[in-house]
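Notes for the structure review
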Amino acid sequence: MQYYPLLNVDGQSHYNYEHFQSTPASTDGADVRLDQTINSKQSMYARFSRKNITSNFAHPLLPNDIDSIHNRSLLISHTYTITPRLLNEFRFGFTNVITNVNFGIRGADALQ
């Protein structure tokens, strides 16, 4: 029992232990946008974004959880002005997110 922390939350809450800590994260990202005016009634733009995020979650009783997230997104838009009060806009977008969780204990390894 010496390894369990003491209770530190009073009252009618649904939990009895609370631990606040910072979660260091680093972000490496870039955004690129290209705009093109075709004529007085038509315009287009394209945007590409990429972001790599690495976070280090510290657990008081378990090994750290170091996660990485890789985001990639692409958006293309075409706007046609039918009248000054009526527009037609077409948009196409694609997003790809890959998340890697690198927790120090693997499920099967914990049972051995």
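Refer to the preceding data block for the structure.
Quick summary incoming for the structure in this document.

Definitions and cut-offs
Residues numbered from 1 in each chain as written. Predicted model: local features only at pLDDT ≥ 70, side-chain atom pairs only at ≥ 80, totals over all residues. Heavy atoms only, no water. Helix = DSSP H or I, 4+ residues; strand = E, 2+ residues; numbered from the N terminus. Rg over C-alpha atoms; globule rule 2.2 N^0.38 Å. Buried < 20%, exposed > 50% of the residue type's maximum accessible area, 1.4 Å probe, protein only. Contact = heavy atoms within 4.5 Å. Areas by Shrake-Rupley, 256 points an atom, 1.4 Å probe, with all protein chains shown as cover. Lys, Arg positive; Asp, Glu negative; His and termini not counted. Charge placed at Lys NZ, Arg CZ, Asp CG, Glu CD. Polar contact = N/O pair within 3.5 Å; in protein donor to acceptor, adjacent residues only side chain to side chain. Salt bridge = Lys/Arg side-chain N within 4 Å of Asp/Glu carboxyl O. Pairing = 2+ DSSP bridges. Axes fitted to C-alpha atoms, helices over the stretch in contact; angles between N-to-C directions.

We now examine the overall build of the protein. The helix and strand tally for the protein stands at one helix and four strands. Beginning at the N terminus, the succession of helices and strands in the protein can be written as β-β-β-β-α. A compact globule built from 112 residues would reach a C-alpha radius of gyration of about 13 Å, whereas the protein, at 24 Å, exceeds it by more than 25%. Burial statistics for the protein: of 112 residues in total, 12% are counted as buried. Expressed as a percentage of contacts within the protein between residues at least 6 apart in sequence, the contacts between residues at least 24 apart total 46%. Summing over all exposed atoms, the protein offers an accessible surface of approximately 9,300 Å²; the carbon and sulfur share of this is 57%. For the protein, the separation between the mean place of its 9 positive charges and that of its 9 negative charges on side chains is 18 Å.

What follows deals with the environment of I82. By the element assignment, I82 lies in strand β3 (residues 65-83). What makes I82 partly exposed here is its relative accessible area of 38%. Leaving out residues up to four positions away in the same chain, I82 has contacts with K41 and N88.

Now for the side chain of S49. The residue S49 is located in strand β2 (residues 42-57) in this model. A polar contact is formed between the side chain of S49 and the side chain of D31, at a distance of 2.6 Å. Contact partners of S49, with chain neighbours within four places excluded, come to A30, D31, N71, R72 and S73.

The next point concerns the pattern of salt bridges. Applying the stated criterion across every chain yields a total of three salt bridges. One salt bridge connects R33 with D35, and the closest N-O pair in it is separated by 3.0 Å. Taking relative accessible area as the criterion, R33 reaches 46% and is therefore assigned partly exposed. Take D35: its relative accessible area is 52%, and that puts it in the exposed class.

Whenever strands of a sheet pair, they do so through backbone hydrogen bonds, lying parallel or antiparallel. Reading across the sheet, the four strands line up as β1-β2-β3-β4 and stay open at both edges, with antiparallel pairing between neighbours. On the outer flanks of this sheet lie β1 (25-37) and β4 (86-103), each paired with one strand and no other. Each strand of the sheet is rotated relative to its neighbour by a mean of 5°, with strand direction disregarded.

Within the secondary structure, T83 sits in strand β3. What makes T83 partly exposed here is its relative accessible area of 35%. Considering only alpha carbons, one finds T83 and Y17, 66 residues apart in sequence, at a separation of 61 Å.

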